Amino acid sequence: MGVALITPFKEDGSVDYKALVKLVEYQLQNGTDFLCVLGTTAETPTLTSEEKKKIKETVIERVAGRIPILLGVSSNCTQTVIDTLQNEDFTGVDAVLVAVPYYNKPSQEGIYQHYKAIAQSSQLPVVLYNVPGRTGVNMTAETTLRLARDFDNIVAIKEASGNITQMDDIIKNKPANFDVISGDDGITFPLITLGAVGVISVIGNAFPREFSRMTRLALAGDYASALTIHHKFTELFKLLFVDGNPAGVKAMLNMMGMIENRLRLPLVPTRITTFEEMKKILDSLKIKC
């Protein structure tokens, strides 16, 4: 299980690097297999270049090679991604996560050419990220499989289309050296039963031990035990995104005393009703708040 790391903020809105270090250590001590840094869950569009650089360096320094780091480098400008890959320091970074270009809605050929140019510009392993709910365009199974076959350093896809048939098509027809990773906590269990290798999780920020255990049990074929844990979190999955991401998981982390409940505009904290519903569930799970 990988975790899409949040960015904690102080009450004044600045990045809380002390809380970030504690959160990274919490992940390291509780079974997280790798960290996804500066992804969507990190509120990356609201961070300055200097903040992104310091967050990356802070996480790399704390991890100290103990687990792999997947770094988000997405843009809807292909050349911007290439410039980043060619000009910035990627020491300590094991692979990069690149989302389908957002807003400008490229064709399938445009998506292919975007990733082709990126793959050819760097030796780093590239993880594709298909999240049409955010980007406005779906990368089809055909395009994903074409990229997987054509470029050795395109190694995996984080699939968050919500289309199980599409994901199953990729899993069924992919090359052996290409992995499918769930981009949605709620469907991680069924997707692993189809052949996915894990998840880049949001809820894992708060519950790395429990969710990584569910993932490992499912991968080991112990579906009954994994399903028990999956069902334990079903209600939280629903609440996690009802007010937007990462508002839900930040509320949970706040209840657990780990961070301030702060987001950067245009994102805002969860509604009081959502917060109270989550607190009831956490209490019932006997999670300290």
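Because the structure is predicted, anything quoted here is derived from the model rather than measured.

What counts, and at which threshold
- Residues numbered from 1 in each chain as written.
- Predicted model: local features only at pLDDT ≥ 70, side-chain atom pairs only at ≥ 80, totals over all residues.
- Heavy atoms only, no water.
- Pairing = 2+ DSSP bridges.
- Helix = DSSP H or I, 4+ residues; strand = E, 2+ residues; numbered from the N terminus.
- Axes fitted to C-alpha atoms, helices over the stretch in contact; angles between N-to-C directions.
- Expected span 1.5 Å × (residues − 1).
- Buried < 20%, exposed > 50% of the residue type's maximum accessible area, 1.4 Å probe, protein only.
- Core = buried A, V, L, I, M, F, W, Y, C linked by side-chain atoms within 4.5 Å.
- Contact = heavy atoms within 4.5 Å.
- Phe/Tyr/Trp six-rings, centres within 6.5 Å; stacked < 30°, edge-to-face > 60°.
- 1 Å grid on protein atoms, 1.4 Å probe; cavity = no way out; pocket = protein on both sides within 12 Å on 5 of 7 lines; lining within 4 Å.
- Points joined across faces, edges and corners; volume = space filled by probe spheres on them.
- Nonpolar A, V, L, I, M, F, W, Y, C, P; charged D, E, K, R; others polar.
- Salt bridge = Lys/Arg side-chain N within 4 Å of Asp/Glu carboxyl O.

Caption draft 1: How the structure looks around the sheet that holds strand β7 (residues 179–182). Around the barrel, which closes on itself, the 8 strands sit in the order β1-β2-β3-β4-β5-β6-β7-β8 with parallel pairing between neighbours. Neighbour-to-neighbour, the strand axes of this sheet turn through a mean angle of 25°, independent of strand direction. Sheet topology note: the strand β6 (residues 154–159)/β7 ladder contains 4 bridges and is parallel. Each bridged residue has a counterpart across the sheet, and for Lys-158 the counterpart in β7 is Ile-181.

Caption draft 2: Highlighting helix α9 (residues 208–219). The end-to-end C-alpha distance of α9, which contains 12 residues, comes to 16 Å, matching closely the 16 Å that a straight helix rising 1.5 Å per residue would cover. Listing the buried residues of α9 in full gives Pro-208, Phe-211, Ser-212, Met-214, Thr-215, Leu-217 and Ala-218.

Caption draft 3: A look at the nonpolar core. Membership of the largest hydrophobic core comes to 86 residues, with the highest contact counts inside it found for Val-59 and Leu-236. In terms of residue count, helix α1 (residues 17–29) provides more of this core than any other element does, 6 residues in total. Non-local contacts of Val-59, meaning those with residues more than four positions away in its chain, are made with Leu-5, Leu-20, Val-24, Leu-35, Val-37 and Ile-69. Judged by nonpolar contacts, the second largest core, of 14 residues, contains Leu-70, Ala-95, Leu-97 and Ile-200.

Caption draft 4: Examining the packing of aromatic side chains more closely. Inspection of every chain in the model, using the stated rule, returns 5 aromatic pairs. Taken together, a centroid distance of 6.0 Å and an interplanar angle of 45° make the contact between Tyr-112 and Phe-151 tilted. Of this pair, Tyr-112 sits in helix α4 (residues 108–119) while Phe-151 sits in the loop between α6 (141–150) and β6, and the two are 39 residues apart along the sequence. The pair Tyr-112 / Phe-151 is uniform in exposure class, with both members buried. Arranged with centres 6.1 Å apart and planes meeting at 85°, the rings of Phe-189 and Tyr-223 form a pair that is edge-to-face. You can see Phe-189 sitting in helix α8 (residues 188–194) and its partner Tyr-223 sitting in helix α10 (residues 223–232), a full 34 residues away along the chain. For Phe-189, a relative accessible area of 10% gives the class buried.

Caption draft 5: Examining the layout of surface pockets more closely. In this structure, the largest pocket occupies an estimated 960 Å³ of space. For the largest pocket, the lining is made up of 30 residues, of which Leu-38, Thr-44, Pro-45, Lys-52 and Ser-74 are closest to its centre. For the lining of the largest pocket, the elements supplying multiple residues, two or more each, are α2 (49–63), β3 (69–72), α3 (78–87), β4 (95–99) and α5 (132–135). Counting residues per element, the lining of the largest pocket draws most heavily on α2, at 5 residues. Its residues assigned to classes, the lining of the largest pocket comprises 11 nonpolar, 12 polar and 7 charged.

Caption draft 6: Region of interest: the pattern of salt bridges. In total, this model carries 9 salt bridges according to the counting rule given. A salt bridge links Arg-66 to Glu-25; the shortest N-O distance between them is 3.3 Å. Residue Arg-66 is located in the loop between α2 and β3, and its partner Glu-25 is located in helix α1; the two are separated by 41 residues in the primary sequence. What makes Arg-66 partly exposed here is its relative accessible area of 46%.

These figures capture arrangement, not role.
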